[in-house]
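Overview (structure and organization)
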Amino acid sequence: MPLLPVTPNRIYLFLDASSVQVQAGLWRDSHWLSIKSQESPALESIFSLVKSCLVEAKLKLEQVGGFIHCEGPGSVLGIRLAAMAIRSWQALPAWADAESLACRSLSLAAALINATEQPEEPFHVIAEARQTRWNLLTCPDGEIAEVEPEVIDALEAPIYHLRQRKSWHTPPERAVPVLNDLSAHPELLASPGLLRSVEAPGLFLVNEATYRTWTPERHR
């Protein structure tokens, strides 16, 4: 079993703003000291949720020794706002040596589904990517991929739909809606292979962006 990147007895601040439910939590040794969530825009909720967690746990932000960030895929704005907040704290002397860990939204959903639903394998986790594409993770051994709607339509159950803020098309009727609500399952963050060390939090892109050179033409 691979070694976990977390340090025993260290307090980590967990932020997930990748989907419809923004979560902030103070996590230590597979337990929540406090966790809060809110279905509101990330800009309005990230800092208020962190403050509520600190108040409930009777801690100061300076006592946080590491950060866990959900890097997506999901809401680009939410993910970047959470990453920006962590990067801002890391720039301060108090967190010069703070650990930075990352997880991915569909992998987190798969761990939660395994713990709560115990589905038959293989099972699929889907989430909307953009107007004509879906993100797909097939468990237990798949990688997150961006696929056409026809691929989603052809999937066999069990299928789980991780809700997103923006919705362009309807998931299959047999897809079960899920949220990455970790309030009752703090131990899942310690699942082998879920977290990995990063230099700084960022945005996970399933496919790298491609650009085309613009050629000026007279309007016809």
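The paragraphs below set out a description of the structure included in this document.

Scoring rules and cut-offs
Residues numbered from 1 in each chain as written. Predicted model: local features only at pLDDT ≥ 70, side-chain atom pairs only at ≥ 80, totals over all residues. Heavy atoms only, no water. Helix = DSSP H or I, 4+ residues; strand = E, 2+ residues; numbered from the N terminus. Rg over C-alpha atoms; globule rule 2.2 N^0.38 Å. Buried < 20%, exposed > 50% of the residue type's maximum accessible area, 1.4 Å probe, protein only. Contact = heavy atoms within 4.5 Å. Areas by Shrake-Rupley, 256 points an atom, 1.4 Å probe, with all protein chains shown as cover. Polar contact = N/O pair within 3.5 Å; in protein donor to acceptor, adjacent residues only side chain to side chain. Expected span 1.5 Å × (residues − 1). Pairing = 2+ DSSP bridges.

1. Some details on the overall build of the chain
When you go through the chain residue by residue, the secondary structure sums to 4 helices and 11 strands. The globule rule puts the C-alpha radius of gyration for 220 residues at 17 Å, and the 18 Å found for the chain is close to it. Dimensions of the chain, computed from the C-alpha atoms along their principal axes, are close to 60 × 55 × 35 Å. Taken across its 220 residues, the chain has 48% of its residues classed as buried. Taking as baseline every contact in the chain between residues at least 6 positions apart, the subset at least 24 positions apart corresponds to 63%. Carbon and sulfur atoms make up 51% of the accessible area of the chain, which totals about 12300 Å².

2. Comments concerning the environment of Thr-116
Mapped onto the elements, Thr-116 comes out in helix H3 (residues 105-116). Taking C-alpha positions, Thr-116 is 30 Å from Val-55, a pair spaced 61 residues apart along the chain. Reaching out from Thr-116, the side chain makes a polar contact with the backbone oxygen of Leu-112 at a distance of 2.8 Å.

3. Here we look at the side chain of Glu-146
If you trace the backbone, Glu-146 turns up in strand E8 (residues 145-147). Given a relative accessible area of 17%, Glu-146 falls into the buried group. In this structure the side chain of Glu-146 is engaged in a polar contact, spanning 2.5 Å, whose partner is the side chain of Arg-130.

4. Some remarks on H3
In an α-helix there are 3.6 residues to a turn, and that puts residues three or four apart on one side. The end-to-end C-alpha distance of H3 is 16 Å, a good match for the 16 Å that 12 residues give at a rise of 1.5 Å each. Residues of H3 that are buried include every one of Ser-105, Leu-106, Leu-108, Ala-109, Ala-110, Ala-111, Leu-112 and Ile-113, and no others. Remark: Gln-118 follows H3 within two positions and exhibits a positive phi of approximately 45 degrees.

5. Describing the pairing of strand E3 (residues 31-38)
Looking at chain direction, strand E2 (residues 22-28) and E3 are connected through 7 bridges and run antiparallel. Residue Leu-26 lies in a different strand from E3, and its bridge partner there is Ser-34.

6. Description of the environment of Arg-130
Tracing the chain through its elements places Arg-130 in strand E6 (residues 123-130). For the pair Arg-130 and Pro-158, spaced 28 residues apart in sequence, the C-alpha to C-alpha distance is 23 Å.

7. Structural notes on the pairing of E6
Of all 8 residues in E6, 6 are buried, a share of seventy percent or more. Where E6 meets strand E7 (residues 133-139), 7 bridges bridge the pair, whose relative direction is antiparallel. Bridge assignment links Phe-123 to a residue of E7, and that residue is Cys-139. Where E6 folds back onto E7 in an antiparallel hairpin, the turn is made up of 2 residues. Taken together, the 3 bridges between E6 and strand E9 (residues 159-162) define a ladder with parallel strand orientation. Across the sheet, the residue bridging to Val-125 is Tyr-160, located in E9.

On their own, these measurements won't tell you what the molecule is for.
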